[in-house]
Amino acid sequence: MRANEITGRVLQIEKCSIHDGDGLRTVVFLKGCPFRCAWCAAPESQDSDFSSGYGRTLTVAELIPEITKDEIFYFHSEGGVTISGGEPLMQAGFCEAVLTECKKIGINTAIETCAYCNYESLEKLLPNLDTVYADIKLMDNNEHIKWTGESNETVLSNIRAMSHNFSGKLRIRLPLVPSVNMNAGFIRAAAEFCRSLDKLDFVELLPYHRLGLETYRKLGRENLLANIMPPSREDMEKAKALFKDAAPGIRVL
Ligand code: SF4
């Protein structure tokens with residue numbers, strides 16, 4: 001299929017982000033996610049269609065010029081494009097087409113994934129990716145099912161496979177949510193897992209935040225963590241120290 005025939009469901013496009021990879025980045029947030037994380041800050045990204053009222057359809061041919069518009073910023077900051085979600089792999093064919101086009105014109109590429117997908121689909125994207133950000137949300141499978149709606153077995157096996165097969169930068173993120181996974185048991189288990197991987201660029205600890213609360217209200221959806229406050233800076237430092245202690249040698253941000 002040609003670039004003007006391949007369509008994707010896009011939630012939004014954010015310019016000049018500094019939180020989603022190296023340098024200044026254009027972040028393309030795609031619709032659809034297989035998880036329902038209780039702490040999700042973008043509940044409007046979860047539905048694959050537009051039933052929440054958010055998002056639009058774009059062809060690859062329409063999206064690429066949006067990305068290339070900022071090439072000068074990528075050049076000066078060593079930035080590029082990041083495909084995020086929702087879960088990008090819910091639209092694996094669209095991602096593959098976008099990343100292939102970006103690589104052809106020399107744009108640095110990254111993806112942010114929950115890694116809950118068919119490994120063959122993920123593997124097809126890897127040759128056109130410079131960086132993969134993958135989340136580990138919970139190590140205990142029952143807890144993972146309780147808080148995200150799905151098992152973590154595929155997530156962990158996909159991360160392990162990437163650590164073996166991916167020649168770019170694999171970066172792991174741990175979203176830390178008080179009352180859910182911000183405890184020594186999870187942090188140690190995640191550190192042990194990271195230690196066992198073949199190759200890893202770094203691990204990033206992400207503090208829970210409450211920025212999505214207003215969207216839950218707009219969507220008429222209940223937020224189970226509405227009363228949970230973000231962790232303090234001290235709590236994050238303690239978590240970092242705990243991780244470092246359990247996984248010496250791994251770079252932690
Ligand atoms: S994986 Fe991300 S987008 Fe999907 S529900 Fe969880 S936090 Fe939200």
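This section reports on the structure supplied with the text. Given the structure is predicted, the values throughout are model-derived calculations rather than measurements. (Residues numbered from 1 in each chain as written. Predicted model: local features only at pLDDT ≥ 70, side-chain atom pairs only at ≥ 80, totals over all residues. Heavy atoms only, no water.)

## Brief notes about empty space enclosed by the protein
Next up, step 1: Summed over the entire model, instances satisfying the criterion amount to one cavity of 30 Å³ or more.
Next up, step 2: The computed volume of the largest cavity comes to approximately 30 Å³.
Next up, step 3: If you trace the largest cavity, you find it lined by Trp 39, Cys 40, Ala 41, Tyr 208, His 209, Arg 210, Leu 211, Gly 212, Leu 213, Tyr 216 and Asn 223.
Next up, step 4: Along the lines of polarity and charge, the residues of the lining of the largest cavity split into seven nonpolar, three polar and one charged. (1 Å grid on protein atoms, 1.4 Å probe; cavity = no way out; pocket = protein on both sides within 12 Å on 5 of 7 lines; lining within 4 Å. Points joined across faces, edges and corners; volume = space filled by probe spheres on them. Nonpolar A, V, L, I, M, F, W, Y, C, P; charged D, E, K, R; others polar.)

## Thoughts on the pattern of salt bridges
Next up, step 1: Counting across every chain of the model gives 15 salt bridges.
Next up, step 2: Salt bridges here are not isolated pairs; linked through shared partners, they connect Asp 22, Lys 169, Arg 171, Asp 201 and Arg 251. (Salt bridge = Lys/Arg side-chain N within 4 Å of Asp/Glu carboxyl O.)

## Observations concerning helix 7 (residues 184-195)
Owing to its 3.6 residues per turn, the α-helix aligns residues three or four sequence positions apart on the same side.
Next up, step 1: In this model, helix 7 (twelve residues) spans 16 Å end to end at C-alpha, consistent with the 16 Å of a helix rising 1.5 Å per residue.
Next up, step 2: In this structure, the buried side of helix 7 is in contact with helix 6 (153-165), strand 7 (169-176), strand 8 (202-207) and helix 9 (233-246).
Next up, step 3: The opening residue of helix 7, the one whose side-chain oxygen lies 3.2 Å from the backbone nitrogen of Gly 185, is Asn 183. (Helix = DSSP H or I, 4+ residues; strand = E, 2+ residues; numbered from the N terminus. Expected span 1.5 Å × (residues − 1). Contact = heavy atoms within 4.5 Å. Polar contact = N/O pair within 3.5 Å; in protein donor to acceptor, adjacent residues only side chain to side chain.)

## Side note on the sheet that holds strand 8
Next up, step 1: Strand order in the open sheet formed by eight strands is 3-1-2-4-5-6-7-8, and the pairing between neighbours is mixed. Edge positions in the open sheet fall to strand 3 (56-59) and strand 8, since each of these has one partner strand only. Neighbour-to-neighbour, the strand axes of the sheet open up by a mean angle of 30 degrees, direction not taken into account.
Next up, step 2: Of the strand pairs in this sheet, strand 4 (residues 80-84) and strand 5 (residues 108-113) are connected by four bridges, and their pairing is parallel. In the strand pairing of strand 5, Ile 83 is matched with Ile 111. (Pairing = 2+ DSSP bridges. Axes fitted to C-alpha atoms, helices over the stretch in contact; angles between N-to-C directions.)

## Side note on the layout of surface pockets
Next up, step 1: Each pocket or cavity is described by its volume, and for the largest pocket that value is around 1300 Å³.
Next up, step 2: Every residue lining the largest pocket is counted, 46 residues in all, and those nearest its centre are Asp 20, Ala 41, Glu 112, Leu 206 and His 209.
Next up, step 3: Put simply, the parts of the chain that give the lining of the largest pocket at least two residues each are strand 1 (7-17), strand 5, strand 6 (131-135), strand 7 and strand 8.
Next up, step 4: Of the residues assigned to the lining of the largest pocket, the class counts are 21 nonpolar, 13 polar and twelve charged.
Next up, step 5: Estimated volume of the second largest pocket: approximately 170 Å³.
Next up, step 6: Along the walls of the second largest pocket sit Leu 205, Pro 207, Arg 233, Met 236, Glu 237, Lys 240 and Leu 253, which together make up its complete lining.
Next up, step 7: Elements with a minimum of two residues in the lining of the second largest pocket: strand 8 and helix 9.
Next up, step 8: Tallying contributions element by element places helix 9 first for the lining of the second largest pocket, with four residues.
Next up, step 9: Here the lining of the second largest pocket is built from residues that sort into four nonpolar, no polar and three charged.

Take it as geometry only, folks, not as evidence of what the structure does.
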